[in-house]
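Descriptive structure summary
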Amino acid sequence: MRRLTVILGVCVALGLAAFWLLSAPTQLPDADLAALDGHEPDLQNGENLFWVGGCASCHAAPDAEGDARAVLSGGLALESPYGVFGVPGISPDPETGIGGWSFADFANAMKRGVSPDGRHYYPSFPYASYAKMTLTDLADLWAYLQRMPVPENAAVIPETELAFPFNMRRGIGLWKRVYLNEAPVIADDVLGDDPVLARGRYLVEGAGHCGECHSPRNIGLAMDGSRWLAGAPNPEGEGRVPNITDHPDGLADWTEDDIAYGLESGFTPAFDSMGGSMASVVKNFANAAAEDRAAIAAYLKAIPPLPDG
Amino acid sequence: MLLRTLTIAATMLATGATVSIAQDDPIAERQEAMKTMGRSMRVLVPMARGQADYDAEAALAAFVQMNDAAQNYGDLFPEGTETGGDTRAKPEIWTDREGFDTAVADFKEDLAMAVSADIGSLDAFRPVFGAVAQNCGDCHEDYQVPEN
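Residues take numbers from 1 onward in each chain, read along the sequence in its written order. Each chain is given a letter, starting from A, and each ligand a number, starting from 1, according to the order in which they appear as written. The predicted origin of the model limits local features to residues at a pLDDT of at least 70 and limits the giving and counting of side-chain atom pairs to 80 or more, whereas totals for whole chains, interfaces and linings rest on all residues. By convention in this description, side-chain values take in all heavy atoms of the structure and omit both hydrogens and water.

**Section: the sheet that holds strand β3 (residues 161-162) of chain A**
All names here are of chain A. Definition in use: Between any two strands, pairing holds if DSSP finds at least two bridges. Here a strand is any run of E in DSSP of at least two residues, a helix any run of H or I of at least four, and the numbering for each starts at the N terminus.
Strand order in the open sheet formed by three strands is β1-β2-β3, with antiparallel pairing between adjacent strands. Sheet topology places β1 (77-80) and β3 at the edges, where each strand pairs with a single neighbour. As paired elements, strand β2 (residues 83-86) and β3 share two bridges and run antiparallel to each other. The partner of Gly-83 across the bridge, within β3, is Leu-162.

Next up, the structure:
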């Protein structure tokens with residue numbers, strides 16, 4: 001009996017040790033970051049990525065409009081089926097934002113979901129998509145973010161309150177091992193060698209993080225690549241997030257031009273106007289490069305059409 | 001000017017007729033009002049995008065239609081119409097009435113501006129259209145459930 005207890009204890013200890021090792025936050029290789037040394041930031045590219053990436057939708061003050069959407073003070077309470085996430089500030093303020101960060105801190109947050117103090121971020125911060133961005137683009141975005149206005153007043157950041165087991169932050173390390181990678185969702189042979197489609201894929205799957213809401217999640221709560229962009233329940237409440245594949249359930253009736261104009265204006269071909277979180281996404285995309293809106297539209301028409309997911 | 005007056009009179013008659021039919025069903029009535037907005041947008045958007053030739057009379061008629069349909073829009077969300085009839089109205093309309101009323105008032109203000117603005121040329125029309133169209137997304141963001 002005593003022997004059994006010892007064996008059991010050893011097993012539990014080994015299990016805990018394995019969990020601890022496998023769930024540890026990992027960082028980008030120093031050599032990858034060093035390759036960016038001396039990079040001359042392209043601020044126009046940084047700004048375009050800021051709008052495509054939709055940073056303001058979550059990180060601006062919750063009711064900010066117009067120029068105030070550039071003040072990234074945080075404070076939104078992001079609702080989800082797992083609980084509420086309090087969104088932090090990302091302004092250049094060292095106290096309430098990320099002014100004290102290095103580029104390596106920023107790149108590890110965006111591509112590895114790891115904070116400067118070595119903790120996992122929750123994937124509500126869509127690094128599962130941002131991981132597919134290039135380090136060069138992140139360097140440009142980082143340079144742009146550092147030039148954003150500092151908030152005059154500190155925002156009140158809501159408490160993050162999640163249900164068990166989602167409140168076990170360390171467990172995210174295991175989730176990342178399975179689901180966090182830089183490989184494209186739609187393979188090269190589907191898209192051919194059209195550079196516009198490649199650009200569209202890069203923007204949709206990476207910075208644009210469209211799949212975070214428009215793709216159903218699998219059993220591990222990661223974006224399901226086999227039902228890519230086929231629509232999903234609205235994570236923030238009522239209704240569904242639409243299917244945006246080229247299927248009768250999705251955008252089959254839309255031309256590429258309709259999609260590009262929809263991203264710019266918020267109007268559907270039926271002249272309804274996109275509501276919910278998409279209204280905010282459109283405000284961002286209105287500021288993005290017209291050829292990027294067109295590339296996104298081309299990609300959405302090129303990927304496999306799927307019925308509602 | 002005469003044409004403008006006639007256009008306004010004709011659309012007021014037309015929308016007046018719709019309103020009187022649907023008076024006891026606020027959900028149907030507000031959905032009809034939104035369809036009127038959609039019909040006007042069908043005229044306005046292609047002109048704003050440069051896909052259709054600019055027609056100042058048609059643009060004015062569309063703005064007048066929207067303006068008329070917006071007049072009692074805020075009254076079409078009484079207590080007890082939170083659900084039913086495929087409504088996509090979000091509960092926030094009732095929990096944040098003040099915000100909703102402000103959004104409707106902003107929309108009406110921009111429409112009042114549009115029906116009295118000089119929109120004789122496409123260049124003059126575009127910013128007026130932009131100001132009106134901005135309201136759609138602003139309001140739907142907070143007060144309308146996504147489609148589908």
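**Details of the interface of chain A and chain B**
Applied cut-off: Contacts are residue-level and defined by heavy atoms, with any inter-residue pair within 4.5 Å sufficient. What gets called buried area is simply the loss in accessible area from a 1.4 Å probe that two parts show on being joined, summed for both. Take a side-chain nitrogen of Lys or Arg and a carboxyl oxygen of Asp or Glu: if they are within 4 Å of each other, that pair is a salt bridge. Gly is placed with the polar residues, together with every amino acid not listed as nonpolar (Ala, Val, Leu, Ile, Met, Phe, Trp, Tyr, Cys and Pro) or charged (Asp, Glu, Lys and Arg).
Taken residue by residue, the interface counts 24 residues in chain A and 22 residues in chain B. A buried area of about 1,800 Å², summed over both sides, lies between chain A and chain B, and 52% of it is on carbon and sulfur atoms. When the buried area of chain A at its contact with chain B is split by residue, A:Tyr261, A:Phe267 and A:Phe271 rank highest and sum to 30% of it. Run the count over chain A and chain B and you get five salt bridges. The partner of B:Glu141 in a salt bridge is A:Lys283, with the nearest N and O atoms 3.0 Å apart. Elements with a contribution of two residues or more to the side of chain A that touches chain B: α12 (256-265) and α13 (276-285) of chain A. Per element, the largest residue contribution to the side of chain A that touches chain B is four residues, and it comes from α13(A). Taken together, the residues that form the side of chain A that touches chain B break down as eight nonpolar, seven polar and nine charged.

**What to know about the domain arrangement of chain A**
All names here are of chain A. Defined as follows: Annotation comment: domain bounds sourced from an automatic or database domain assignment. In protein, a polar contact means a hydrogen-donor-capable atom and an acceptor-capable atom, both N or O and within 3.5 Å, with residues adjacent in sequence counting only if both atoms are side-chain atoms; elsewhere, any N or O pair within 3.5 Å suffices.
Taken domain by domain, chain A consists of domain 1 (28-179) and domain 2 (188-302). Measuring from the centre of the C-alpha atoms in domain 1 to the corresponding centre in domain 2 gives 21 Å. Domain 1 puts 27 residues into the contact, and the matching count from domain 2 is 26 residues. Buried area between domain 1 and domain 2, summed over both chains or domains, comes out near 2,200 Å², and the portion from carbon and sulfur atoms is 55%. Our count for the domain 1 to domain 2 interface comes out at one salt bridge. Viewed at the interface, domain 2 and domain 1 are joined by 13 residue pairs in polar contact (both at pLDDT 80 or more). Contributing elements (two or more residues each) for the side of domain 1 that touches domain 2: α3 (43-53), α4 (55-59), β1, α6 (127-130) and α8 (172-179). Counting residues per element, the side of domain 1 that touches domain 2 draws most heavily on α3, which supplies five residues.

**What to know about the confidence of the model for chain B**
Here is the rule we go by: A residue's pLDDT is simply how confident the predictor is in it, with values from 0 to 100.
Mean pLDDT over chain B stands at 87; residues scoring 70 or higher make up 83%. Our summary of model confidence lists the complex with pTM equal to 0.86 and ipTM equal to 0.70.

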